[in-house]
Amino acid sequence: MISGIQRRFRPMTILWLTLMWCLLYGEFSWANILGGMAVGTLIVLLFPLPALPVSGMRIRWLSLAELIVFFCWDLLISSVRVSLLALRPAPQPPAAIVKVPMRVQEDFVLSLAISLLNLTPGGAVMEVDIPSRILTMHILDARSTAELDRSLRGIAELERRLIRTFEMEV
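Residues numbered from 1 in each chain as written. Predicted model: local features only at pLDDT ≥ 70, side-chain atom pairs only at ≥ 80, totals over all residues. Heavy atoms only, no water.

1. A closer look at the pairing of strand β2 (residues 123–129)
Stated precisely, the cut-off is as follows: Strands qualify as paired when DSSP identifies two bridges or more between them. Per the convention used, a helix needs a DSSP run of H or I reaching at least four residues, while a strand needs a run of E reaching at least two, with both numbered from the N terminus.
Strand direction decides the pairing type here: β2 and strand β3 (residues 134–139), joined by six bridges, are antiparallel. From the neighbouring strand, Val125 faces β3, where its bridge partner is Met137. Taking the residues between adjacent antiparallel strands as the criterion, β2 and β3 are bridged by four residues, where Arg133 takes a positive phi near 55 degrees.

2. Some words on the UniProt feature "transmembrane region" (unreviewed entry) in the protein
Operational definition: UniProt positions are given in the numbering used here, feature names are shortened, and annotations may be inferred rather than shown by experiment.
Cross-referencing UniProt, the feature "transmembrane region" (unreviewed entry) maps to residues 12–31, 37–55 and 67–88 in the present numbering. When the span residues 67–88 is considered, its composition is 95% helix and 0% strand, and the gap between its end C-alpha atoms is 31 Å.

3. Notes on helix α5 (residues 107–119)
Note the threshold: To estimate how far a helix should reach, multiply one less than its number of residues by 1.5 Å. Type-normalised accessible area, obtained with a 1.4 Å probe on protein chains alone, sets the label of each residue: buried when under 20%, exposed when over 50%, and partly exposed for intermediate values. Arc definition: directions from the helix axis to the C-beta atoms. Note on contacts: a residue pair qualifies if any of its non-hydrogen atoms lie within 4.5 Å across the two residues.
Taking 1.5 Å of rise per residue, 13 residues should cover 18 Å, and α5 covers 18 Å from first to last C-alpha, within 8% of that figure. Buried within α5 are the following residues: Val109, Leu110, Ala113, Ile114, Leu116 and Leu117. Summarising the axial view, the buried residues of α5 lie within an arc of 165 degrees, below the 170-degree limit, and thus occupy one face. On the buried face of α5, the contacting elements are α4 (61–87), β2, β3 and α6 (145–167).

4. What to know about the sheet that holds β3
Here is the rule we go by: Here an angle of 0 to 180 degrees is reported between the N-to-C directions of two axes, which are lines fitted to C-alpha atoms, with helices fitted over the stretch in contact.
Here three strands make up an open sheet; going across it, the order is β1-β3-β2 and the pairing antiparallel. The two strands at the open ends of the sheet, each matched to only one other strand, are β1 (96–101) and β2. Between one strand axis and the next, the sheet turns through 25 degrees on average, direction left out of account. Across six bridges, the pairing between β1 and β3 is antiparallel. Its bridge partner being in β3, Val98 is matched across the sheet by Met137. Taken strand by strand, α5 contacts β2 and β3, and its axis lies near 155 degrees from that of β2. Sitting on the sheet, α6 touches β1 and β3, and the angle it makes with β1 is about 30 degrees.

5. Section: the domain arrangement of the protein
The condition that has to hold: Boundaries of every domain are those given by an automatic assignment or by a domain database.
Split into domains, the protein comes out as domain 1 (2–46) and domain 2 (61–166). Taking only C-alpha atoms, the centre of domain 1 and the centre of domain 2 are 33 Å apart.

6. Concerning the packing of helix α2 (residues 11–25) against helix α3 (residues 30–46)
Note the following rule: Oblique is the label for any angle not covered by the other classes, which are roughly parallel (under 35 degrees), roughly antiparallel (over 145) and roughly perpendicular (65 to 115). By the definition used in this description, the sense in which the near helix is turned from the far one sets the handedness, with an anticlockwise turn below a right angle giving left-handed and a clockwise turn giving right-handed. Under the scheme applied, nonpolar residues are Ala, Val, Leu, Ile, Met, Phe, Trp, Tyr, Cys and Pro; charged residues are Asp, Glu, Lys and Arg; polar residues are all the others, including Gly.
With their axes 8 Å apart at the nearest point, α2 and α3 run at an angle of 130 degrees to one another. Compared by their axis directions, α2 and α3 come out oblique. α2 and α3 meet at a crossing whose hand is right-handed. Facing Thr13, Ile14, Leu17, Thr18, Trp21, Cys22 and Tyr25 of α2, the residues of α3 in contact are Asn32, Ile33, Gly35, Gly36, Met37, Val39, Gly40, Thr41, Ile43 and Val44. The class makeup of the residues in the contact of α2 with α3 is 10 nonpolar, seven polar and no charged.

7. Here we look at the packing of α4 against α6
Here α4 crosses α6 at 160 degrees, and the two axes come no closer than 9 Å. Compared by their axis directions, α4 and α6 come out roughly antiparallel. Remark: the crossing between α4 and α6 carries left-handed chirality. Contact residues: α4 offers Ser63, Leu64, Glu66, Leu67, Phe70 and Arg81, while α6 offers Arg150, Gly154, Glu157, Leu158, Arg161, Leu162, Arg164, Thr165 and Phe166. Looking at side-chain class alone, the contact of α4 with α6 contains six nonpolar, three polar and six charged residues.

8. Some details on the nonpolar core
As a reminder of what qualifies: The set of buried Ala, Val, Leu, Ile, Met, Phe, Trp, Tyr and Cys residues whose side-chain atoms join them within 4.5 Å is what this entry labels a nonpolar core.
Formed by 26 residues in total, the largest nonpolar core has its most connected members in Met102, Leu135, Met137 and Leu162. If you list the elements that add at least two residues to this core, you get α4, β1, α5, β3 and α6. Counting residues per element, this core draws most heavily on α5, at six residues. Those residues in contact with Met102 that sit more than four places away from it in its chain are Leu110, Ala113, Arg133, Leu135, Ile155 and Glu159.

Here's what the structure looks like:
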């Protein structure tokens, strides 16, 4: 019993949940901090998450910094493109549903790729075929093959950066 609690207890997660609790209430008072710690502790102990399968994974920190900059830039550009599509007086362009094969090997990297793709405006992962590593994606702007190719090149670039950051041997 005690060993199970020790495996579940994650102090950094409790601190993160406490911070979120205080931000939710809009002030850092002793009551909010203690309440957040209590709620965070209960969440961590009652609803444990499985350990991430990251044993042996090496992170290339410079590549990670490049990935973050690339993602932030892509997020900004995609947000502007989707805003322009939404605000222009012309009819909406046709959308497309495409299957995108992924080359990532690790499940963690695949889930990270899916999360980053879903956070970026203009596309969404609709289905994931985990054994064959194929994503079914909805692309918002497919008015031409050039636009569709641009979206697919962006996905390939994100995938290349993820592989370089998390999967390539040093």
